[in-house]
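Spelled out from the first residue to the last, the chains are:
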Amino acid sequence: IHKGFEINSPTGKTIAIDNCIFEYGIKGLTKTASSSLTQLVVENTTFTNCSLGLKTNECRCNSVNVRFDNCVTGWKAEAMSGSSDFRGYVQSVDNGIDYEGGSTAHLFIYESTFKTCNNSNTSQAILADGDFNATISCTHFEDNENDIKKIDGVLNLSGSEYSENRFASSPEVGGSCYFN
């Protein structure tokens, strides 16, 4: 078990992580902003068997082809602002994405799968907490304890198909998602 890799970037810089595997870590990868909005780009990367796969704080994060397997929490985002994107695969975690942000944040999740986020009765595929917009489209939710919990702000999901009502809050206005 290791403490992973931590990045505290200079103001306004973009940090890119590509084709990496983070495994068996207390935290796989941690990114914090030093004083102003910075961006982390994670592509083609896997986090497996970590207590916490990816942790971001006060920065934008764009994740493409990212996979979280057998982690307690896949991505923990704190005090986020600006736009963040996620496109990836989340399986066998307690909490897939735990995202907290202010009114200037916007979380986009698209072309993703959240499967078996059910290791406990409080597991969430996505927990979005804060007065920001979350837009989710073209995403599959399969066999999760709770698919989405949105606290405050707006959840965009129109045009989605539901096999049963599994929301912890009501969808307000993404689309083309499938819940099973």
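Residues numbered from 1 in each chain as written. Predicted model: local features only at pLDDT ≥ 70, side-chain atom pairs only at ≥ 80, totals over all residues. Heavy atoms only, no water.

A.B. asks: Just to check I follow, could you spell out the nonpolar core for this structure?
C.D. replies: In terms of nonpolar packing, the biggest core is built from 38 residues, with Trp-75 and Phe-114 touching the most fellow members. Among the elements of the structure, β5 (39–48), β7 (60–69), β8 (73–91), β9 (95–110), β11 (124–129) and β12 (133–137) are those that each provide at least two residues to this core. Filtering out sequence-adjacent residues up to four positions away, Trp-75 remains in contact with Leu-54, Thr-56, Cys-61, Phe-68, Met-80, Ser-84, Phe-86, Gly-96, Ile-97, Asp-98, Tyr-99 and Leu-107. (Core = buried A, V, L, I, M, F, W, Y, C linked by side-chain atoms within 4.5 Å. Buried < 20%, exposed > 50% of the residue type's maximum accessible area, 1.4 Å probe, protein only. Helix = DSSP H or I, 4+ residues; strand = E, 2+ residues; numbered from the N terminus. Contact = heavy atoms within 4.5 Å.)

A.B. asks: When you look at the confidence of the model for the chain in this model, what are you seeing that I'm missing?
C.D. replies: It should be kept in mind that the predicted coordinates are not to be read in detail where pLDDT is low. On average, residues of the chain score 85 in pLDDT, and 85% of them are at 70 or above. Here strand β16 (residues 161–162) stands out as the least confident element of the chain, with mean pLDDT 50; strand β10 (residues 113–115) is the most confident, with 97. (pLDDT = per-residue confidence, 0-100.)

A.B. asks: Is there a simple way to think about the pairing of β8 in this case?
C.D. replies: A regular strand places its side chains so that they alternate between the two faces of the sheet. Two elements, strand β6 (residues 52–57) and β8, share five bridges in a ladder whose sense is parallel. Note that in β8 the partner of Thr-56 across the bridge is Ala-77. One ladder, built from seven bridges, connects β7 with β8; its direction is parallel. Residue Phe-68 lies in a different strand from β8, and its bridge partner there is Val-90. Pairing analysis gives 10 bridges linking β8 to β9, with the strands arranged parallel. Among the inter-strand pairings, Trp-75 is bridged to a residue of β9, identified as Ile-97. In terms of strand pairing, β8 meets β10 through three bridges, oriented parallel. Bridge assignment links Gln-91 to a residue of β10, and that residue is Lys-115. (Pairing = 2+ DSSP bridges.)

A.B. asks: I keep staring at the pattern of salt bridges and nothing clicks. Help me out?
C.D. replies: Note on pairing: side chains with opposite charge can pair once their charged atoms come close. Within the structure shown, the criterion is met by four salt bridges. Residue Lys-76 pairs with Asp-98 through a salt bridge whose shortest N-O separation is 3.3 Å. Of this pair, Lys-76 sits in strand β8 while Asp-98 sits in strand β9, and the two are 22 residues apart along the sequence. A relative accessible area of 22% means that Lys-76 is categorised as partly exposed. (Salt bridge = Lys/Arg side-chain N within 4 Å of Asp/Glu carboxyl O.)

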